[in-house]
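The chain contents come next:
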Amino acid sequence: MKPLAQLDAGGIGALLFDIDETLTTEGKLTAQAYVALEKLHAAGKKVVAVTGRPAGWCDHIARMWPVDAVVGENGAFYFYFADGKLHKRFADDDATRAAKRAKLDAIAKKILHSVPGSAIASDQPYRETDLAIDYCEDVPPLPLEAAERIATLMREAGLTARVSSIHVNGWFGDYDKLAMTRRLFKERFSTANREIVYVGDSPNDVPMFEFFENSVGVANVRRFPMTSQPKFVTRASAGAGFAELVAHLLGA
């Protein structure tokens, strides 16, 4: 990973960002990070949150935050607010989502039995499509080996699984953050790869790190062993690293 200073910010027109421990710091959205987000949006850059967080959160983010869209539940949908209303685009139709949700309860029970100390994520009631197992947000932190065990159990049950900085998410389907982000840009924005920066911090960001020419990790990305790393890395961690990236982009 190269130092952030080596990223050529000239011509960058869009920032895509993960939320947990990329925008936030220890679970909190700091004034420093939010002001940076607001400044970037006010400067005319396209700003898109790309997160594993649930539909209920994404409804709020799309309506209330200075963003142009939000990709949620690791690529299950994108939402955007325009013309005075919230617009929703899902990978699956209503009936398919309902059928898939009905199968997740039994899988969750097996995982909780097999990995002591894990729990259903507190934001699960607000999810439309996936199962989120908490391994370090509202439970005493489990080692990364436990998170990988949860992911393995999900895959054995037929789910796609991704480890984030706080949860392990599993869903039926082959979509991910990248697939839905590409669909969003095809349908809503005309921005070339070289004009986009993606910033994240954990293994569920790997497809984004691989695809985008200007991928960035906040410094805490180093805590995870990953198959592919971002091209650049900030000096600071989490929300401070996000603000560092925005300052670099605006400085250009």
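Residues numbered from 1 in each chain as written. Predicted model: local features only at pLDDT ≥ 70, side-chain atom pairs only at ≥ 80, totals over all residues. Heavy atoms only, no water.

**Student:** Got a sec to walk through the environment of aspartate 134? Specific residues and values, please.
**Tutor:** Summarising the element assignment, aspartate 134 is placed in strand 8 (residues 131-134). Each C-alpha atom, one on aspartate 134 and one on phenylalanine 242, is 24 Å from the other, the two residues being 108 residues apart in sequence. Excluding residues within four positions of it along the chain, aspartate 134 makes contact with Ser118, Ala119, Ile120, Ala121, Val139, Ile166 and His167. There is a polar contact of 2.6 Å between the side chain of aspartate 134 and the backbone nitrogen of glutamate 137. A distance of 2.7 Å separates a polar atom in the side chain of aspartate 134 from the backbone nitrogen of aspartate 138. (Helix = DSSP H or I, 4+ residues; strand = E, 2+ residues; numbered from the N terminus. Contact = heavy atoms within 4.5 Å. Polar contact = N/O pair within 3.5 Å; in protein donor to acceptor, adjacent residues only side chain to side chain.)

**Student:** Outline empty space enclosed by the protein, supporting the account with residue identities and numerical values.
**Tutor:** A full pass over the atoms with the stated rule returns 1 cavity of 30 Å³ or more. Within this model, the largest cavity holds a volume of roughly 80 Å³. As for the largest cavity, its lining consists of 14 residues, of which Asp20, Gly52, Ser164, Ile166 and Asn204 are closest to the centre. Counted by class, the lining of the largest cavity contains 1 nonpolar, 8 polar and 5 charged residues. (1 Å grid on protein atoms, 1.4 Å probe; cavity = no way out; pocket = protein on both sides within 12 Å on 5 of 7 lines; lining within 4 Å. Points joined across faces, edges and corners; volume = space filled by probe spheres on them. Nonpolar A, V, L, I, M, F, W, Y, C, P; charged D, E, K, R; others polar.)

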